[in-house]
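Each chain, letter by letter, is given below.
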Amino acid sequence: DAGITQSPRHKVTETGTPVTLRCHQTENHRYMYWYRQDPGHGLRLIHYSYGVKDTDKGEVSDGYSVSRSKTEDFLLTLESATSSQTSVYFCAISGNGGRSSYNEQFFGPGTRLTVL
Amino acid sequence: KQEVTQIPAALSVPEGENLVLNCSFTDSAIYNLQWFRQDPGKGLTSLLLIQSSQREQTSGRLNASLDKSSGRSTLYIAASQPGDSATYLCAVGKTSGSRLTFGEGTQLTVNP
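Residues numbered from 1 in each chain as written. Chains lettered and ligands numbered in written order. Predicted model: local features only at pLDDT ≥ 70, side-chain atom pairs only at ≥ 80, totals over all residues. Heavy atoms only, no water.

1. Details of the sheet that holds strand S1 (residues 4-7) of chain B
All names here are of chain B. A sheet is described by the order of its strands in space; here 5 strands give the open sequence S1-S3-S8-S7-S6, paired in antiparallel fashion. With one partner strand each, in any of the chains shown, S1 and strand S6 (56-59) form the two edges of the open sheet. In this sheet, neighbouring strand axes are inclined to one another by 15° on average, regardless of whether the strands run parallel or antiparallel. Direction of pairing for S6 relative to strand S7 (residues 62-67): antiparallel, over a ladder of 4 bridges. (Pairing = 2+ DSSP bridges. Helix = DSSP H or I, 4+ residues; strand = E, 2+ residues; numbered from the N terminus. Axes fitted to C-alpha atoms, helices over the stretch in contact; angles between N-to-C directions.)

Pasting the structure below:
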């Protein structure tokens with residue numbers, strides 16, 4: 001267990017509403033990532049963070065924003081949810097030299113989001 | 001752009017068989033390669049991480065090899081068990097701390 005949790009685990013929302021997903025880690029990892037998983041596309045990176053207040057875009061960042069105000073929390077916000085953002089969202093962490101390999105990524109349990 | 005391919009997409013074997021899952025990638029300039037398993041409705045569990053300077057890693061009945069120059073990795077599972085049934089994903093990273101590029105996985109079923 002890499003000490004990573006996601007909330008909520010399931011969410012149903014309506015088109016046009018803002019949604020925020022939270023990723024929380026307890027082991028002081030430097031890097032945090034948000035991926036989405038869709039049939040036929042596999043896992044794709046949305047945004048990632050390489051430190052507090054340091055974030056960058058991934059390959060499918062349109063319509064999403066992130067924030068990391070402290071080491072342990074990485075928030076993903078859908079500014080105005082659309083049906084195409086229905087997906088399973090995974091948070092991942094890496095970059096703790098005191099635990100296994102520095103570059104090994106560990107994943108959270110996922111959030112299943114449905115946008116109606 | 002890096003592309004990762006896993007063949008076959010699905011595999012069904014009888015219990016006890018030794019098996020090999022394949023992963024190929026188009027850009028050999030990788031920093032590391034990681035194998036995961038994913039059970040239905042669950043997150044990804046890390047199995048093995050191979051740094052680009054390594055040729056293989058072992059954990060219990062699992063052995064992963066890496067041939068960076070040819071853009072290939074294999075995951076060897078010895079004496080397969082029904083509990084090994086899951087989807088196996090490989091992913092490559094370009095630099096330290098960078099995103100991973102994933103294949104779409106091999107869905108493995110081990111029949112009792």
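Now that the structure is up, let's keep going.
2. Quick word on the sheet that holds strand S3 (residues 19-25) of chain A
Residue and element names in this part refer to chain A. Strand order in this open sheet of 4 strands is S1-S3-S8-S7, and the pairing throughout is antiparallel. The outermost strands of the open sheet, each flanked by one partner alone, are strand S1 (4-7) and strand S7 (64-70). Adjacent strand axes in the sheet meet at a mean angle of 20°, parallel and antiparallel pairs treated alike. Sheet analysis places S3 next to strand S8 (residues 73-78), joined by 6 bridges and oriented antiparallel. Pairing of Val-19 across the sheet is with Leu-78, part of S8.

3. Describing the interface of chain B and chain A
Contacts between the two partners involve 19 residues from chain B and, on the opposite side, 19 residues from chain A. Taken together, both faces of the contact between chain B and chain A bury some 1600 Å²; the carbon and sulfur share is 49%. On inspection of chain B and its partner chain A, the count reaches 1 salt bridge. One can count 5 residue pairs in polar contact (both at pLDDT 80 or more) joining chain B with chain A. Broken down by secondary-structure element, the contributors of at least two residues to the side of chain B that touches chain A are strand S4 (32-38), strand S5 (44-51) and strand S10 (100-102) of chain B. Its residues placed into classes, the side of chain B that touches chain A shows 7 nonpolar, 9 polar and 3 charged. (Contact = heavy atoms within 4.5 Å. Buried area = accessible area lost by both parts, 1.4 Å probe. Salt bridge = Lys/Arg side-chain N within 4 Å of Asp/Glu carboxyl O. Polar contact = N/O pair within 3.5 Å; in protein donor to acceptor, adjacent residues only side chain to side chain. Nonpolar A, V, L, I, M, F, W, Y, C, P; charged D, E, K, R; others polar.)

4. Section: the packing of aromatic side chains
On inspection of all chains with the given rule, the structure shows 10 aromatic pairs over all chains. An angle of 35° between the planes, with centres 5.4 Å apart, marks the rings of Tyr35(A) and Phe107(A) as tilted. Placement of Tyr35(A) in strand S4 (residues 31-38) and of Phe107(A) in strand S10 (residues 106-107) is noted, with a sequence separation of 72 residues between them. You'll find Tyr35(A) and Phe107(A) in the same group, each marked buried. Note on Phe107(A) and Phe36(B): the rings are 5.3 Å apart at their centroids and 85° apart in plane angle, and the pair reads as edge-to-face. In this pair, Phe107(A) is assigned in strand S10 and Phe36(B) in strand S4, connecting two distinct chains. There is no split in this pair, since Phe107(A) and Phe36(B) are both buried. (Phe/Tyr/Trp six-rings, centres within 6.5 Å; stacked < 30°, edge-to-face > 60°. Buried < 20%, exposed > 50% of the residue type's maximum accessible area, 1.4 Å probe, protein only.)

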